[in-house]
Amino acid sequence: MRWSVVDAPLDSSGRGRGERRAPVALRTAGLVDRLGAEDAGVIETVITDPVRDPETGMIGADQVRRAGRAIAARVTELTDAGHLPLVVGGDCAILPGVLQGLPSGFTLWFLDGHLDFHDGVTSPTGEAADMDLSLVTDHGPAGVLDREGPLVDPDQVHLLGCRPVWDESAAEEAARLDPAIHVVSADQLRGAAAAAVGRHLAADGAGPAWLHLDLDVLDPLVLPAVTYREPGGLDWTDLAALVGPLVRSGRLLGMSLADFNADEDPDGRHAERVVEVLAEVLAD
Ligand SMILES: [Mn+2]
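The structure contained in this document is the topic of the report that follows. Keep in mind the model is a prediction, meaning the values are calculated, not measured. (Residues numbered from 1 in each chain as written. Predicted model: local features only at pLDDT ≥ 70, side-chain atom pairs only at ≥ 80, totals over all residues. Heavy atoms only, no water.)

### Considering the packing of helix α7 (residues 192–203) against helix α8 (residues 236–248)
Filter applied, for reference: Angles run from 0 to 180 degrees between N-to-C directions of axes, and those axes are lines fitted to C-alpha atoms, restricted for helices to the stretch in contact. Strands are runs of DSSP state E lasting at least two residues, helices are runs of H or I lasting at least four, and both sets are numbered from the N terminus onward. Roughly parallel means an angle under 35 degrees; roughly antiparallel means over 145; roughly perpendicular covers 65 to 115; every other angle is labelled oblique. Crossings are assigned a handedness: left-handed for a near helix turned anticlockwise from the far helix by less than a right angle, right-handed for a clockwise turn. Throughout, a residue-residue contact means that at least one pair of heavy atoms, one from each residue, lies within 4.5 Å. Under the convention adopted here, Pro, Cys and the residues Ala, Val, Leu, Ile, Met, Phe, Trp and Tyr are nonpolar, Asp, Glu, Lys and Arg are charged, and Gly plus all remaining residues are polar.
Put simply, α7 and α8 touch, their axes get as near as 7 Å, and they point 15 degrees apart. On the basis of the axis angle, α7 is roughly parallel to α8. Crossing geometry of α7 relative to α8 is assigned as right-handed. Residues Ala194, Ala195, Val197, Gly198, Arg199, Leu201 and Ala202 of α7 pack against Asp238, Ala241, Leu242, Pro245 and Leu246 of α8. The residue inventory of the contact of α7 with α8, partitioned by class, reads nine nonpolar, one polar and two charged.

### Notes on the coordination of the manganese ion
So the rule is basically this: The rule for donors is simple: N, O or S, within 2.8 Å of the metal, or within 3.2 Å if the metal is Na, K or Ca. Water isn't counted, so a site may look like it is missing partners. Throughout this description, buried means an accessible area under 20% of the type-specific maximum (1.4 Å probe, protein chains only), exposed means over 50%, and partly exposed covers the range between.
Distances from the manganese ion to its protein donors, namely Cys92 (SG), Asp112 (OD), Asp116 (OD) and Asp214 (OD), fall within the range 2.0 to 2.5 Å. Positions of the donor residues of the manganese ion, expressed as sequence spacing, correspond to C-x19-D-x3-D-x97-D. Within this pair, whereas Cys92 is found in the loop between β3 (84–89) and α4 (95–100), its partner Asp112 is found in the loop between β4 (107–111) and α5 (132–136), the two being separated by 20 residues in sequence. Comparing Cys92 with Asp112, the two get one shared label, buried.

### With respect to the sheet that holds strand β1 (residues 3–8)
Short version of the rule: When DSSP locates at least two bridges between a pair of strands, those strands are taken to pair.
Here eight strands make up an open sheet; going across it, the order is β2-β1-β3-β8-β7-β4-β5-β6 and the pairing parallel. Across the chains shown, the open sheet's two edge strands, defined by having one partner strand only, are β2 (38–42) and β6 (182–185). Here the strands of the sheet are splayed against their neighbours by 15 degrees on average, with no regard to which way each runs. With four bridges connecting them, β4 and strand β5 (residues 157–162) associate as parallel partners. Each bridged residue has a counterpart across the sheet, and for Trp109 the counterpart in β5 is His158. In this fold helix α3 (residues 61–80) packs onto β1, β2, β3 and β8 (252–258), with an angle of close to 170 degrees to the strand it touches most, β1.

### Examining the nonpolar core
What counts is decided by this rule: Buried Ala, Val, Leu, Ile, Met, Phe, Trp, Tyr and Cys residues that are joined via side-chain atoms within 4.5 Å together make up what is termed a nonpolar core.
Within the largest apolar cluster, 51 residues are counted, with the highest numbers of intra-cluster contacts made by Leu86 and Phe260. Among the elements that take part in this core, helix α9 (residues 269–282) stands out by supplying eight residues, more than any other. Residues within four places of Leu86 in sequence aside, it is in contact with Trp3, Ser4, Val5, Val6, Leu31, Leu35, Met255, Leu257 and Leu282.

### Notes on the side chain of Glu173
The cut-off we apply is this: Positive residues here are Lys and Arg, negative ones are Asp and Glu, while His and the chain termini are left out of the count. Only one rule defines a salt bridge in this text: a Lys or Arg side-chain nitrogen within 4 Å of an Asp or Glu carboxyl oxygen. By the criterion applied in these results, polar contacts are pairs of N or O atoms within 3.5 Å in which, for protein atoms, one can donate a hydrogen and the other can accept it, and in which residues neighboring in sequence qualify only through two side-chain atoms.
Relative to the assigned elements, Glu173 resides in helix α6 (residues 168–176). One buried charged side chain, Glu173, makes no salt bridge at all; its nearest oppositely charged neighbour is Arg176, positioned 7.3 Å away. For Glu173, the side chain forms a polar contact with the main-chain nitrogen of Phe117, separated by 2.7 Å. Look past the residues within four positions of Glu173 in its chain and what remains in contact with it is Leu115, Asp116, Phe117, His118 and Asp130.

Here it is as structure tokens:
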């Protein structure tokens, strides 16, 4: 499997947080070489406007929209040419752009410690990375995407690794979740269960699939280099056991990687660990 690594450096707070520097940090840790990947360059995605737009409730809405278009165009170009893109964010605000670049009728395997199901009103931050899964299933703020309707059928979405509801805002978010989405919590993905779920998902249908990995699906004890640390997450072994069968299914159109915060990794050790595990599961 030959991956095409393409960078989408953005941070949806618009304040220059370390997610924007994640692609450089991961490349410095050897990502392209370790995967034996093709270097597919950098997409122009930067978000510098920290103002919450009154209409959408989203920070830097125009720049998020523009970044989404640029990501979509590049993903379409790569997949049309038969490449297998690994889109390296950035935070989860890259997802709507990625999925806009795919032909409809795919399955989404979404690994995240959170639900990412706020809209412009319920989001405590206004960051697009609070709203990406709601946007792509047509439950987010209007006018952010270029395409009408859901980008992915909610019944084809598998939300994997989320934690129990921890406060009022998270409860409000959970109440918004589309009931057709299939949820497997972090507690159901530990030990032998991780590989079993991975094998089940891989064999559940034969159509194309996209894998989105928000690194905060991992426990902060094993990967603290994320912005919104959520206790009770997966360890590296669980993650590899879950993702391995998904990659080997032969169904992947590509993958997106989100939420590594390079500012929380001054000596680069966490970037190295991320690259090591990606090489283990993606490089065969
Ligand atoms: Mn996320």
